[in-house]
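Residue-level structure breakdown
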Amino acid sequence: MSDTKFRVRKVAVLGARVMGAQIAAHLVNARVPTILFDLPAKEGDRSGIARKGIEGLKKLTPSPLASRETAGFIQAANYEEHLGLLAECDLVIEAIAERLDWKMELYRKVAPHLSARAIFATNTSGLSIAALAEACPKELRSRFCGVHFFNPPRYMHLAEIIPCEAVSPAVLDDLERFLVTTLGKGVIRAKDTPNFVANRIGVFSMLATIANAEKYGIRFDVVDELTGPRLGRAKSATFRTADVVGLDTFAHVVKTMRDGLAHDPWHALFQSPPWLAKLIEAGALGAKTRSGIYLKKGRDLQVLDPASGGYVAAGAKADEGVSEILALKDPAQKLRRLRESDHAQAQFLWACFRDTFHYIAYHLKDIAHSARDVDLAMRWGFGWKQGPFELWQAAGWAQVAGWIEEDIGAGRALAQVPLPAWAREPARTGVHFPQGSYDAAGETLVSRSTLDVYRRQVWPASLIGEGRAQLGETVYENPGVRAFTTGDEVLVVSFKTKAHSISPEVLEGLNHAIGLAEERFRALVIWQSEAPFSVGANLESLRPALATGDWKTIDGVIALFQSTSQRLRYSEIPTVAATEGYVFGGGCEFAMHCDRVVAALESYVGLVEAGVGLLPAGGGCKEFALRAALESKGDLFASLKDYYMMIATARVAGSGLEARELGFLRASDVVAFNAYELLYLARQQALALAESGYRPPLPGRRIPVAGRTGAASIKGQLVNMLEGHFISEYDFEIGARIAEVVTGGDVEAGTEVDEQWLLELERRHFLALLKNAKTQERIAHTLATGKPLRN
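Residues numbered from 1 in each chain as written. Predicted model: local features only at pLDDT ≥ 70, side-chain atom pairs only at ≥ 80, totals over all residues. Heavy atoms only, no water.

**So, the overall build of the chain**
For the chain, the helix and strand inventory stands at 29 helices and 24 strands. Computed over its C-alpha atoms, the radius of gyration of the chain comes to 28 Å, within 12% of the 28 Å expected for a compact globule of 791 residues. Projecting the C-alpha coordinates of the chain onto the three principal axes gives extents of approximately 80 × 65 × 60 Å. A buried classification covers 57% of the 791 residues belonging to the chain. Of all intrachain contacts in the chain linking residues separated by at least 6 positions in sequence, the fraction that spans at least 24 positions is 71%. A total accessible area of about 32,700 Å² is found for the chain, and carbon and sulfur atoms account for 52% of it. Averaging the positions of the 90 positive and the 92 negative side-chain charges in the chain gives two centres separated by 2 Å. (Helix = DSSP H or I, 4+ residues; strand = E, 2+ residues; numbered from the N terminus. Rg over C-alpha atoms; globule rule 2.2 N^0.38 Å. Buried < 20%, exposed > 50% of the residue type's maximum accessible area, 1.4 Å probe, protein only. Contact = heavy atoms within 4.5 Å. Areas by Shrake-Rupley, 256 points an atom, 1.4 Å probe, with all protein chains shown as cover. Lys, Arg positive; Asp, Glu negative; His and termini not counted. Charge placed at Lys NZ, Arg CZ, Asp CG, Glu CD.)

Rendered as structure tokens:
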């Protein structure tokens, strides 16, 4: 296989249940032609089961489809009629139910039809890869391995590759390249042990949490209140995560641990509690059956009370004092305070931390190639902001190890086995260092993968202790931005503000950086080292001027915002925006004015100003009016109305692909599936534009507008919405002002105006709205609560 370049031209997914269908969805998101197989239906369309799986994708939230149209590119098939199609596939992924006998039977059925070059992989969440390989013909085993995606596969970054003994190293490398760049995954090479790395530790952590919740008498909803974002973990926390995964699936993974880990010191923990077995028996399997640990009755959310077996009203809160401890920034102080507190919730949390630390240290040698793999697996597969080894190291390795040993000696830990000798070394300060991360099996530090695909990750995920230096050489810095170069004639600008909001200092800094780029560099890239790209204008920075009615200062800031956008558009060097996460308001306007956008798939793009009672005034309204004019084919209003609605309803594109479909991005803009490759791709795009003899657009372009008749048509629709009570009177005013701007104001339809005309309309109507008390109420409410206000 290594003699010629391996390309994945088509993929087959075997199994059209929720996970298989979602893997297929993500493949077609990436424009990989995909065939989804399942059993032949007993009646009607023989591929009806697979087709039902495809249709079901459209109902899932969050959507596995980056664009609703992509579902149509999945081909439905069945094992009776279409096995011959497997010969066309370079990769075949099995994703049927977690039954070893069923999987083996399927392997025997499909193996004769596979291409001699195809990689065959199982998406098992924890079954033995060695046992599954035995069901494959010997000649197939060199191309067989595990590839474990995490649910939901579009959003969870992790994919574990698990080799069988006979697999070719070249096969694993080829698969990893495909997963990393084409599908955007963070890959961990796992050992073939039950549940591999992330599920092994994640499920243990959940079981330890359940056991400690029972021990300390903590309600399930309070557990979720404590073990979600307050701990730097996913919003679904513990019990909501079990509901989302599916209680039957969770129970199966627990059973896999119980069956396969008979000699694990924590083996007594590996069993489903009685309340879980009762829920499964009753068909209450979590989110997929709309009932599980949580149950929604009308508008009321209820949570299981395991003592009674019934449901009680959810919403109990964490103790204030414990919440204050969790808010501490210093990990050492946080863990110390939790351990020393007499409050049951604090004792519960310390016990959860202690038991997880104990488990990962004891089993590191068996389950992972390094501590790095453990921490990245938990961050990428379970949504933890910080890996468990990272937290231990940040809190002071020796001190935490001493606390764990003390608890083991006192019989408080879940297993009475000592920490391994390496973890108790007096001189040990952690497991992550600039030279590498600790491998307990080899008793050495191992560096990161040298596979060529990782050269594209200029700024990969980092770990505490690695001591990563600041990227590049600083060329210019102010309180708002840092501009740097890595020696490739591209100036990269990053914002330093919270959530990369756009403050006056950012505007001043970006303008200065553009000037430097024009003097000394070939191109400019706007890139942030972490999401979001930008949440838009920093309204907080306008509060002093707003409080004193200093409209002149505010008008000056808006004018500077507009001129910055125009400089990005008309700069003498190409400008590229590399976006990820929220690309809101002014951040969206900056991206729209760059010559090229390289958007991560998970870029959520929108002009959201209407949500706080304003309109886009950094060139966003002007830009949509311009794009409508360029796209119109004799009916300008028809091209404009969809753009108007996106501004008026503050619509946000749910992916980079949808942003391109809606018009926030252009057809020439690039959507990247791996966010860690953004800077590499953005620089490549910028240099390609420079190399092609880049010249900015000619200034002075004339834009035909829809005029007063177009505005009247929009306002007529707004009147209907007002009378139908779909919008408030103030929503009507905001919508009417947006209409005035995008249609060019009080002019005849078809009148040609210049960009400055539209920018002045933006600024005038923005200021009028900002002076209104209702807009000021909306802004104050949003800044205080993070939620919009309708008034």
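Read on for the rest.
**Quick notes on the sheet that holds strand β5 (residues 119-122)**
Within the open sheet, the eight strands sit side by side as β3-β2-β1-β4-β5-β6-β7-β8. Their pairing is mixed. Unpaired on one side and paired on the other, β3 (74-78) and β8 (186-189) mark the two borders of the sheet. Averaged over all pairs of adjacent strands, the angle between strand axes in this sheet comes to 25°, irrespective of strand direction. For strand β4 (residues 91-94) and β5, the ladder comprises four bridges, and the chain directions are parallel. In the sheet register, L91 faces β5, and the bridge partner there is I119. Here helix α2 (residues 48-56) sits on the sheet in contact with β2 (34-38) and β3, set at roughly 150° to β3. Along the sheet, helix α3 (residues 100-110) contacts β1 (11-14), β4, β5 and β6 (144-149); its crossing angle with β5, the most-contacted strand, is approximately 165°. (Pairing = 2+ DSSP bridges. Axes fitted to C-alpha atoms, helices over the stretch in contact; angles between N-to-C directions.)

**Quick look at the packing of aromatic side chains**
What the rule picks out here adds up to 27 aromatic pairs. Where F389 meets W397, the ring centres are 6.3 Å apart and the plane angle is 20°; that geometry is what we call stacked. Clustering of aromatic rings is evident, with ring pairs tying together F353, F357, F389, W392, W397, W422 and Y438. Lying over the aromatic face of W384, R233 brings its terminal NZ or CZ to 3.7 Å of the ring centre. Sitting above the plane of the W459 ring, R468 keeps its charged end 3.5 Å from the centroid. (Phe/Tyr/Trp six-rings, centres within 6.5 Å; stacked < 30°, edge-to-face > 60°. Lys NZ or Arg CZ within 6 Å of the ring centre and 35° of its normal.)

**Concerning the nonpolar core**
By size, the foremost hydrophobic cluster in this structure holds 168 residues, and its most contacted members are F37, F120, I293, F389, W392 and W422. Here this core takes 12 residues from helix α14 (residues 344-367), the largest share from any one element. Non-local contacts of F389, meaning those with residues more than four positions away in its chain, are made with I360, A361, L364, A371, V374, D375, W397, W422, V431 and H432. (Core = buried A, V, L, I, M, F, W, Y, C linked by side-chain atoms within 4.5 Å.)

**Comments concerning the packing of helix α26 (residues 707-723) against helix α27 (residues 729-742)**
Any two packed helices are characterised by how steeply their axes cross, that is the angle between the axes, and by the distance between the axes. Contact geometry for α26 and α27: axes closest at 9 Å, N-to-C directions at 165°. Between α26 and α27, the crossing angle belongs to the class labelled roughly antiparallel. As for how α26 packs across α27, the hand of that crossing is right-handed. Of α27, the residues touching α26 (which contributes A711, I714, K715, L718, V719 and L722) are E729, F732, G735, A736, A739 and E740. Tallied by class, the residues present in the contact of α26 with α27 amount to eight nonpolar, one polar and three charged. (Parallel < 35°, antiparallel > 145°, perpendicular 65-115°, else oblique. Left-handed = near helix turned anticlockwise from the far one by under 90°. Nonpolar A, V, L, I, M, F, W, Y, C, P; charged D, E, K, R; others polar.)

**Considerations on the sheet that holds strand β10 (residues 300-305)**
With antiparallel pairing, the three strands of this open sheet are ordered in space as β9-β10-β11. At either margin of the open sheet sits one strand with a lone partner, and together these are β9 (294-297) and β11 (310-313). Shown here is a sheet whose adjacent strand axes are inclined to one another by a mean of 40°, direction ignored. Examined bridge by bridge, β10 and β11 share four bridges and lie antiparallel to one another. Paired with D305 across the two strands is G310, which belongs to β11.

**Considering the domain arrangement of the chain**
It is common to give the size of an interface as the accessible area that goes away when the parts come together. In terms of domains, the chain is made up of domain 1 (11-189), domain 2 (198-444), domain 3 (469-608 + 650-697) and domain 4 (616-648 + 699-791). Domain 2 and domain 4 are separated by 50 Å when their C-alpha centres are compared. (Domains from an automatic or database assignment.)

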